[in-house]
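# Structural overview
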Amino acid sequence: MKLKALDLTLASMFVGLMAIGANITALVPFMVIGGIPITLQTFFAILAGIILGSRLGAISMTVYALVGLAGVPVFAQFSAGFSTLISPTFGFILSFILTAYVAGKVVKNNRSLAAFISAALAGLFINYVVGTNWMYFAYKLWAAAPEGFTYKLAWLWMLAPLPKDIILAVLAGMMGHRLERTILSKGSFKHLRKAV
């Protein structure tokens, strides 16, 4: 895959947006529910896939994960470093790569509004499945699980951010479709449609 300067710029932009989305609670403290930061990472991971395409979107999310692992505080609550690999929430960071890839694949041959919203919801589904399962196994295998922790409880914890994430996923799909019609189908951005 040959990357153009515009591709690298857009991929870098999404790395930056992910860092901002991860730490939005630093600016808006009330977005922490039950000790869990409510972030905009899934929103931006979905947008990366449907705007940049499956491959470039996944590359941008991989770069985001690598930047954080290298020690730059871009993860939620300004965390970073290899120690995050054993965090129960690291599965969500990994899921962003697959989220972007799947979202991009869904809109590859269908650029309708319904396809963009479907892509966003498919990406959200991937995010929850990978992230929640990682969290469950992390607590069971190496992290200190709370008293009475079960697989069902892990999913119950995800009910708090779910309504917000569904709304944001639909908005990401709508925004991606709007950008497709107004900007991405024109000029220098046209090649992104082929890269999906």
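Here, the structure is the one placed above.
A few points on the structure. Computed from a predicted structure; not experimentally measured. (Residues numbered from 1 in each chain as written. Predicted model: local features only at pLDDT ≥ 70, side-chain atom pairs only at ≥ 80, totals over all residues. Heavy atoms only, no water.)

### Notes on a nonpolar patch on the surface
Basically, it comes down to this: Surface patches are drawn from residues lacking salt bridges whose relative accessible area is over 30%; two like charges belong together within 9 Å, two nonpolar side chains (Val, Leu, Ile, Met, Phe, Trp, Tyr) within 5 Å. Areas reported here follow the Shrake-Rupley algorithm with a probe of radius 1.4 Å; residue values treat only the protein chains shown as occluding. Salt bridge, as used here, is a side-chain nitrogen of Lys or Arg placed within 4 Å of a carboxyl oxygen of Asp or Glu. Think of it this way: any DSSP run of H or I at least four residues long counts as a helix, any run of E at least two long counts as a strand, and we number them from the N terminus.
Judged by side-chain polarity, Phe-82, Leu-85, Ile-86, Phe-137, Leu-141 and Trp-142 come together as a nonpolar surface patch covering roughly 670 Å² of accessible area. Checked against the element boundaries, Ile-86 lands in the loop between helix H3 (54-69) and helix H4 (90-106).

### Regarding the pattern of salt bridges
The cut-off we apply is this: Exposure is judged per residue with a 1.4 Å probe applied to protein chains only, and the accessible area is read against the type maximum: over 50% gives exposed, under 20% gives buried, and values in between give partly exposed.
In the structure shown here, the tally under the stated rule is two salt bridges. Residues Glu-180 and Arg-111 are paired through a salt bridge, measuring 2.8 Å at the closest nitrogen-oxygen approach. With Glu-180 in helix H7 (residues 162-184) and Arg-111 in the loop between H4 and helix H5 (113-141), this residue pair connects regions lying 69 residues apart in the sequence. On the basis of relative accessibility, which here comes to 4%, the residue Glu-180 falls in the buried class. Judged by relative accessible area, Arg-111 falls into the buried class, the value being 17%. Note that Asp-165 and Lys-164 form a salt bridge whose closest N and O atoms lie 2.5 Å from each other.

### A look at the environment of Thr-150
To keep it simple, the criterion reads: Any pair of nitrogen or oxygen atoms within 3.5 Å is treated as a polar contact; in protein, a donor-acceptor pairing is required on top of that, and neighbouring residues in sequence qualify only through side-chain atoms on both sides.
Within the fold, Thr-150 resides in the loop between H5 and helix H6 (151-157). Residue classification places Thr-150 among the partly exposed residues on the basis of a relative accessible area of 38%. In sequence terms Thr-150 and Lys-140 are ten residues apart; their C-alpha atoms lie 8.8 Å from each other. A distance of 3.1 Å separates a polar atom in the side chain of Thr-150 from the backbone nitrogen of Leu-153.

### Regarding the packing of helix H1 (residues 5-22) against helix H2 (residues 41-52)
Condition: Lines are fitted to the C-alpha atoms to define the axes, a helix being fitted only along its stretch in contact, and any angle between axes, read from their N-to-C directions, falls within 0 to 180 degrees. Each angle receives one of four descriptions, namely roughly parallel if under 35 degrees, roughly antiparallel if over 145, roughly perpendicular if within 65 to 115, and oblique otherwise. We call a crossing left-handed when the near helix sits turned anticlockwise from the far one by less than a right angle, and right-handed when that turn is clockwise. Note on contacts: a residue pair qualifies if any of its non-hydrogen atoms lie within 4.5 Å across the two residues.
Packing of H1 against H2 leaves a shortest axis separation of 8 Å and a crossing angle of 165 degrees. Classified by the interaxial angle, the pair formed by H1 and H2 is roughly antiparallel. As H1 packs across H2, the resulting crossing turns out to be right-handed. Residues Leu-10, Ala-11, Phe-14, Leu-17, Met-18, Gly-21 and Ala-22 of H1 pack against Gln-41, Phe-44, Ala-45, Leu-47, Ala-48, Ile-51 and Leu-52 of H2.

### Quick notes on the packing of aromatic side chains
Remark: the centre distance and the inter-plane angle together describe each pair of aromatic rings, the angle taken between the planes. Formally: Here a pair means two rings of Phe, Tyr or Trp (six-membered ring of Trp) with centres within 6.5 Å. Their orientation is stacked below 30 degrees between planes, edge-to-face above 60, and tilted elsewhere.
Under the counting rule described, the total for this entry stands at twelve aromatic pairs. Pairwise contacts between aromatic rings join Tyr-136, Phe-137, Tyr-139, Phe-149, Tyr-151, Trp-155 and Trp-157 into one cluster.

### Concerning the nonpolar core
One recurring pattern in soluble globular proteins is that nonpolar side chains are buried together. Rules: The criterion is simple. A nonpolar core is a set of buried Ala, Val, Leu, Ile, Met, Phe, Trp, Tyr and Cys residues joined through side-chain atoms within 4.5 Å.
Judged by nonpolar contacts, the single largest core of 45 residues is most densely connected at Leu-47, Ile-50, Met-61, Tyr-64 and Phe-96. Looking at this core, the elements with two or more residues in it are H1, H2, H3, H4, H5 and H7. A total of nine residues in this core trace back to one element, the largest contributor, which is H2. When neighbours within four sequence positions are excluded, Phe-96 is seen to be in contact with Met-18, Gln-41, Thr-42, Ala-45, Met-61, Tyr-64 and Asn-127.

### Some words on the environment of Ala-65
Tracing the chain through its elements places Ala-65 in helix H3. Separated by 15 residues in the primary sequence, Ala-65 and Ala-80 place their C-alpha atoms 9.4 Å from one another. Apart from residues lying up to four places away in sequence, Ala-65 is in contact with Phe-75 and Ile-93.

### Focus on the packing of H2 against H5
What counts is decided by this rule: Note on residue classes: Ala, Val, Leu, Ile, Met, Phe, Trp, Tyr, Cys and Pro are nonpolar, Asp, Glu, Lys and Arg are charged, and everything else, Gly too, is polar.
One can describe the packing of H2 onto H5 by two numbers: an axis separation of 10 Å at closest approach and a directional angle of 130 degrees. Taken together, the axis directions place H2 and H5 in an arrangement best described as oblique. For the pair H2 and H5, the sense of crossing is right-handed. Of H5, the residues touching H2 (which contributes Thr-42, Ile-46 and Ile-50) are Phe-116, Ala-119, Ala-120, Leu-124 and Asn-127. Grouping the amino acids of the contact of H2 with H5 by side-chain chemistry returns six nonpolar, two polar and no charged.

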